[in-house]
Amino acid sequence: MSADALKKSLSQLDVEQQRMMLALGILLDRIQKLSAEDVDELFGLVREYCEAESEEDRVAADEAILEILEQEPVFVRRQPLKTEGDITRVPKLENWLSWVSKRIHDLRSAAGLTQSELEERTGLPQSHISRLETGKHSPSRYTLEKIAAALGVDVSEFDPAAE
Amino acid sequence: MRDAKTDEYTKYVLTRVARVVYCLVPGSSRHTAVREHKEKDCVVTKREVKVGVHRGGGPEPGYLWSVKYLTIAENEARRILQHQHQYDHVVDQIRDLARHTDPTHPSTQNVEKFADFFELKEKGGPLGRINLRVFFIVQQEQREIVLLGHYKKEVDGATPRAVVRKISRRARKYYRGDYAEQG
């Protein structure tokens, strides 16, 4: 098809159709520039999208496809790990730490257990329990579940967000 | 001859078109965001990720592992964890991993092996209703934990296969040195 004929054909399309044609061209161009590995991955993901059984699976496939098509530059950075004394936390996290650390200390004491005895029951290092009770570390849900089980209480005693 | 599956795929590709073209339309918010991101990153010359311990590298005092992350993983974390206290809580969990002799089997975190990477599960507390997954690999020789991505699980059950594929692809690219090191 000559350029003139193509121009004439395109002019017969409405704006949305022209955008669609342009987009198809761009899409084809992008797919042609992908590595063979990414093309395989792309079609694997299209299959995942079509066979998705839930909306969550569909959205996940959609995002993964977009990541391949967009080919955004990705870099590697180093995460600075401050020592505990140098960490500054926002007030909301400070409040949480202050509350949960006291809760762990109080419920352990009420159960008549030392930190070492709690270590034996939970498998958590005594040094970690000490850091939790002094508010130096924000405990994971996994840790709170272990402590709750060892003290015979529900995890919601430590975490109001627990169902 | 076209079958139903081909029609389904074609329909899917066409539905994707509008979104892709929107990224390319000058003046659209998405186009501006993509351009700004590219311009910011273009100042860095691409080079291979170094393998081995380098001067000034290695774990920081008090830690057994150093931590690296992909910029795409940070973007995901910022999108999911919209409040600073939530973000800081997750950073605390990563610090905790870096203190463990074996970050793939920590006594304090829920970590599982998943395909060719590891998955840390965290929810509740400062995260509230967010059910978070943090994906990482461990480079034994370099003593490095590399964060590959974050995902917010919407409903209980397995992590979507597409997420597993996406993170596996990132891991492959990282191991191959496709991602340049920055800073």
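Residues numbered from 1 in each chain as written. Chains lettered and ligands numbered in written order. Predicted model: local features only at pLDDT ≥ 70, side-chain atom pairs only at ≥ 80, totals over all residues.

Participant: How should the overall build of chain B be read in this particular structure?
Facilitator: The secondary structure content of chain B amounts to five helices and six strands. Secondary structure elements of chain B, listed N to C terminal, follow the sequence α-α-β-α-α-β-β-β-β-α-β. (Helix = DSSP H or I, 4+ residues; strand = E, 2+ residues; numbered from the N terminus.)

Participant: How should I be thinking about the interface of chain A and chain B in this particular structure?
Facilitator: Often, the extent of an interface is quoted as the loss of accessible area upon association of its parts. If you look at the interface, chain A gives 49 residues, while chain B gives 59 residues. Among the elements of the structure, α2 (15-33), α3 (36-51), α4 (55-70), β1 (75-79), α5 (91-110) and α8 (141-151) of chain A are those that each provide at least two residues to the side of chain A that touches chain B. A per-class count over the side of chain A that touches chain B returns 27 nonpolar, nine polar and 13 charged. Across two bridges, the pairing between β1(A) and strand β6 (residues 180-181) of chain B is parallel. (Contact = placed C-beta atoms within 7 Å. Nonpolar A, V, L, I, M, F, W, Y, C, P; charged D, E, K, R; others polar. Pairing = 2+ DSSP bridges.)

Participant: I keep staring at the confidence of the model for chain B and nothing clicks. Help me out?
Facilitator: Reading fine detail from the predicted coordinates is not recommended where pLDDT is low. All names here are of chain B. On average, chain B scores 81 in pLDDT, and the residues at 70 or more come to 69%. Counting interchain partners and residues more than four positions distant, the pLDDT-below-50 stretch residues 37-56 has 20 contacts. The ipTM, which scores confidence in the relative placement of chains, is 0.88 for this predicted complex, and the corresponding pTM is 0.81. (pLDDT = per-residue confidence, 0-100.)

Participant: Looking at this model, I keep getting lost on the pairing of β1(A). Mind explaining?
Facilitator: Here is the key point about a regular strand: its side chains alternate between the two faces of the sheet. Relative to strand β1 (residues 66-70) of chain B, β1(A) is paired through four bridges, and the arrangement is antiparallel. Opposite A:Arg77, over in β1(B), you have B:Tyr69 as the bridge partner.

Participant: What is the right way to read the sheet that holds strand β2 (residues 110-114) of chain B from this model?
Facilitator: Two strands in a sheet stick together by hydrogen bonds in their backbones, pointing the same way (parallel) or opposite ways (antiparallel). One open sheet accounts for seven strands, arranged β2(B)-β3(B)-β4(B)-β5(B)-β1(B)-β1(A)-β6(B); its pairing is mixed. What marks the edges here is a single partner per strand, and that holds for β2 and β6 of chain B. Examined bridge by bridge, strand β3 (residues 117-123) of chain B and strand β4 (residues 131-139) of chain B share six bridges and lie antiparallel to one another. Residue pairing for β4(B): B:Lys123 is matched across the bridge by B:Asn131. Here helix α5 (residues 161-176) of chain B sits on the sheet and contacts β1, β2, β3, β4 and β5 (144-152) of chain B; the angle it forms with β5(B), its principal contact strand, is near 155°. (Axes fitted to C-alpha atoms, helices over the stretch in contact; angles between N-to-C directions.)

Participant: What should I look at first to understand the nonpolar core in this one?
Facilitator: Soluble globular proteins tend to bury their nonpolar side chains together. Core analysis: the biggest nonpolar cluster contains 40 residues, and B:Val67, B:Ala98, B:Phe136, B:Leu147 and B:Leu148 have the highest contact counts within it. When residues of this core are traced back to their parent elements, those giving at least two are α3 and α4 of chain A together with β1, α4 (84-99), β3, β4, β5 and α5 of chain B. Top element by residues in this core is α5(B). It accounts for six residues. Setting aside residues up to four positions removed in sequence, B:Ala98 forms contacts with A:Leu81, B:Pro59, B:Tyr63, B:Leu64, B:Trp65, B:Val67, B:Pro103 and B:Ile145. A:Val100, A:Leu118, A:Ile129 and A:Ala150 belong to the second largest nonpolar core, which has 14 residues in total. (Core = buried A, V, L, I, M, F, W, Y, C linked by C-beta atoms within 7 Å. Buried ≥ 20, exposed ≤ 12 C-beta atoms within 10 Å, placed from the backbone.)

Participant: Looking at this structure, how should I read the domain arrangement of chain A?
Facilitator: Structurally, chain A comprises domain 1 (12-70) and domain 2 (84-157). Here the C-alpha centre of domain 2 of chain A lies 47 Å away from the C-alpha centre of domain 1 of chain A. (Domains from an automatic or database assignment.)

Participant: Sorry, what's going on with the environment of B:Asp96 here?
Facilitator: Within the element layout of this structure, B:Asp96 appears in helix α4. Overall, the presence of 22 C-beta atoms within 10 Å leaves B:Asp96 in the buried class. Once the C-alpha coordinates of B:Asp96 and B:Pro106 are considered, the two residues, ten residues apart in sequence, prove to be 8.8 Å apart. Once residues within four sequence positions are removed from consideration, B:Asp96 is found in contact with A:His137, B:Thr108 and B:Gln109.

Participant: Would you explain unusual backbone geometry in this entry?
Facilitator: For residues besides glycine, phi is generally negative; the peptide bonds are generally trans as well. Residue and element names in this part refer to chain B. Phi at Ala115 is positive, roughly 55°, even though this residue is not glycine. By the secondary structure assignment, Ala115 is in the loop between β2 and β3. Here the phi dihedral of Arg143 falls at roughly 55°; this positive angle occurs in a residue that is not glycine. Here Arg143 shows up in the loop between β4 and β5. Given 16 C-beta atoms within a 10 Å radius, Arg143 is considered partly exposed.

Participant: What is the right way to look at the packing of α3(A) against α5(B) in this model?
Facilitator: A pair of packed helices is captured by two measures, namely the crossing angle of their axes and the spacing between those axes. Running from N to C, α3(A) and α5(B) cross one another at 165°; their axes reach a closest spacing of 10 Å. Here α3(A) lies roughly antiparallel to α5(B), going by the angle between them. Crossing angle aside, the handedness with which α3(A) passes α5(B) is left-handed. Contacts between α3(A) and α5(B) involve A:Glu41, A:Gly44, A:Leu45 and A:Glu48 from the first element and B:Arg161, B:Ala162, B:Arg165 and B:Arg169 from the second. Taken together, the residues of the contact of α3(A) with α5(B) break down into two nonpolar, one polar and five charged. (Parallel < 35°, antiparallel > 145°, perpendicular 65-115°, else oblique. Left-handed = near helix turned anticlockwise from the far one by under 90°.)

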